[in-house]
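# Examining the three-dimensional arrangement
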Amino acid sequence: MIRVERDRVAYYQFLGLKDFPGLLHFVSGREGGVSVGGQAALNLGFMDEDRVDSVLTNRMLLAGAIGCEVDAFTFGEQKHTTHVEVVSVEQRGAGAREKVTRLPATDALITREPGICLTVLAADCVPVLLYDPREQVIAAVHAGWRGTVGRIAAGTVERMRDEFGCDPRNVLVGIGPSIGPCCFEVGEEVVGAAREGLGDLQGLVVNGERDGKYLLNLWEANRRQLEEIGVRTSNIETAAVCTVCHHDRFFSYRGDRGNTGRFGAGIMLKTEIGC
Ligand SMILES: [Zn+2]
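Residues numbered from 1 in each chain as written. Predicted model: local features only at pLDDT ≥ 70, side-chain atom pairs only at ≥ 80, totals over all residues. Heavy atoms only, no water.

### Details of the packing of aromatic side chains
By the definition in use, this model includes five aromatic pairs. Ring centres 6.1 Å apart and planes at 75° place the aromatic pair Phe26 and Phe73 in the edge-to-face group. In this pair, Phe26 is assigned in strand β3 (residues 23-28) and Phe73 in strand β4 (residues 73-74), connecting sequence segments 47 residues apart. With relative accessibility at 0%, the residue Phe26 sits in the buried group. Judged by its relative accessible area of 2%, Phe73 is buried. (Phe/Tyr/Trp six-rings, centres within 6.5 Å; stacked < 30°, edge-to-face > 60°. Helix = DSSP H or I, 4+ residues; strand = E, 2+ residues; numbered from the N terminus. Buried < 20%, exposed > 50% of the residue type's maximum accessible area, 1.4 Å probe, protein only.)

Structure below.
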């Protein structure tokens, strides 16, 4: 990823996605917003700990910096499901100005409609952005450990294929900042669920420092399931930034001991007249 700064808002972009003229995408960080305390400064998530008007201001600042409207942002109600929603024009702006309009129980969003900025929020979970430049289809995925072992990223590519005829070999993927294999300590129950969902855990799980604790590599788990579905290794870019280690730059639930905000990862097909 590279860091971009515009109008005092900083955001990041994947090298493999940033040069398509018809595509807009971002991964936001902490810098540039108006929220205070644990949510300082660019918190994008409506939450009890932050003011609604601060979050809205942050979303407007980000929209201005990346070059879209706040009503382009479209959110799912992230519930660690494996539900993939194909987003229609009528659903544009779901959850953009208030929580209640988010698409219910949805952790992955796909569209072929321009002007819809599919956005997922995270604070340790893995945000994944996908783009098929041939079929002009985009997707954004929220993959925590449950979504990852539920193979939501692979499920999203399958849905892109079934719904829009995308060939997985053409799909470009950015795996964003999240809790890394350095910090994601889990117990037996998570390892068991991972084995059930992902099969062979060779290279995905190593022993932790404490007895009965393991370190799980969510980046590799997502990369591997995407490769298994036919995405080319060379088309998958992993930010490899651990949010816990870098909680000065990205919101991190574990790194901030729960008092944190949410950063976003979004992707949009530009409309012909710009945004
Ligand atoms: Zn770490």
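### A word on helix α5 (residues 218-228)
For α5, the complete set of buried residues consists of Leu218, Trp219, Glu220, Ala221, Asn222, Gln225 and Leu226. A distance of 3.2 Å separates the backbone nitrogen of Trp219 from a side-chain oxygen at the start of α5, and that oxygen is part of Asn217. (Polar contact = N/O pair within 3.5 Å; in protein donor to acceptor, adjacent residues only side chain to side chain.)

### Some thoughts on the pairing of strand β15 (residues 263-269)
If a strand is regular, its side chains alternate between the two faces of the sheet. Most of β15 sits out of view: seven of its seven residues are buried. Sheet topology places β3 next to β15; five bridges connect them, and they run antiparallel. Looking at the pairing, Leu24 lines up with Met268 of β15. Examined bridge by bridge, strand β7 (residues 117-122) and β15 share five bridges and lie antiparallel to one another. In the sheet register, Leu121 faces β15, and the bridge partner there is Gly264. (Pairing = 2+ DSSP bridges.)

### Some words on the coordination of the zinc ion
Note on the zinc ion: its protein donors are Cys182 (SG), Cys183 (SG), Cys242 (SG) and Cys245 (SG). The metal-donor distances range over 2.3 to 2.4 Å. Coordination at the zinc ion is tetrahedral: its four donor atoms span angles of 103 to 115° at the metal. Look at where the donors of the zinc ion fall in the sequence and you get C-C-x58-C-x2-C. Here Cys183 is found in the loop between β10 (172-175) and β11 (185-186), whereas its partner Cys242 is found in the loop between β14 (236-238) and β15, with 59 residues between them in sequence. (Donors = N, O, S within 2.8 Å, 3.2 Å for Na, K, Ca; no water. Tetrahedral: all angles 85-135°; square planar, octahedral: opposite > 155°, others 65-115°.)

### Topic: the pattern of salt bridges
On inspection of all chains with the given rule, the structure shows 16 salt bridges. In this structure, Arg210 engages Glu185 in a salt bridge whose closest nitrogen and oxygen atoms are separated by 2.4 Å. With Arg210 in the loop between β12 (205-207) and β13 (214-216) and Glu185 in strand β11, this pair connects stretches of sequence that are 25 residues apart. The exposure class of Glu185 is partly exposed, given its relative accessible area of 21%. Residue Glu220 pairs with Arg224 through a salt bridge whose shortest N-O separation is 3.4 Å. Of this pair, Glu220 and Arg224 both sit in helix α5, four residues apart, which is roughly one turn of the helix. The buried category is assigned to Glu220, whose relative accessible area is 19%. Salt bridges linked by common partners bring Glu220, Arg223, Arg224 and Glu227 together as one network. (Salt bridge = Lys/Arg side-chain N within 4 Å of Asp/Glu carboxyl O.)

### A look at the sheet that holds strand β9 (residues 137-143)
Pairing in this open sheet of six strands is mixed, and the strands run β5-β6-β9-β8-β10-β14 from one edge to the other. Each having just a single partner strand, β5 (84-86) and β14 make up the two edges of the open sheet. The mean inter-strand angle of the sheet, taken between neighbouring strand axes irrespective of direction, is 15°. Relative to β9, strand β8 (residues 126-132) runs antiparallel, the two sharing seven bridges. Residue Leu129 lies in a different strand from β9, and its bridge partner there is Ala140. Sheet strands in contact with helix α3 (residues 152-164) are β5, β6 (108-111), β8 and β9, and its direction is about 155° off that of β9. (Axes fitted to C-alpha atoms, helices over the stretch in contact; angles between N-to-C directions. Contact = heavy atoms within 4.5 Å.)

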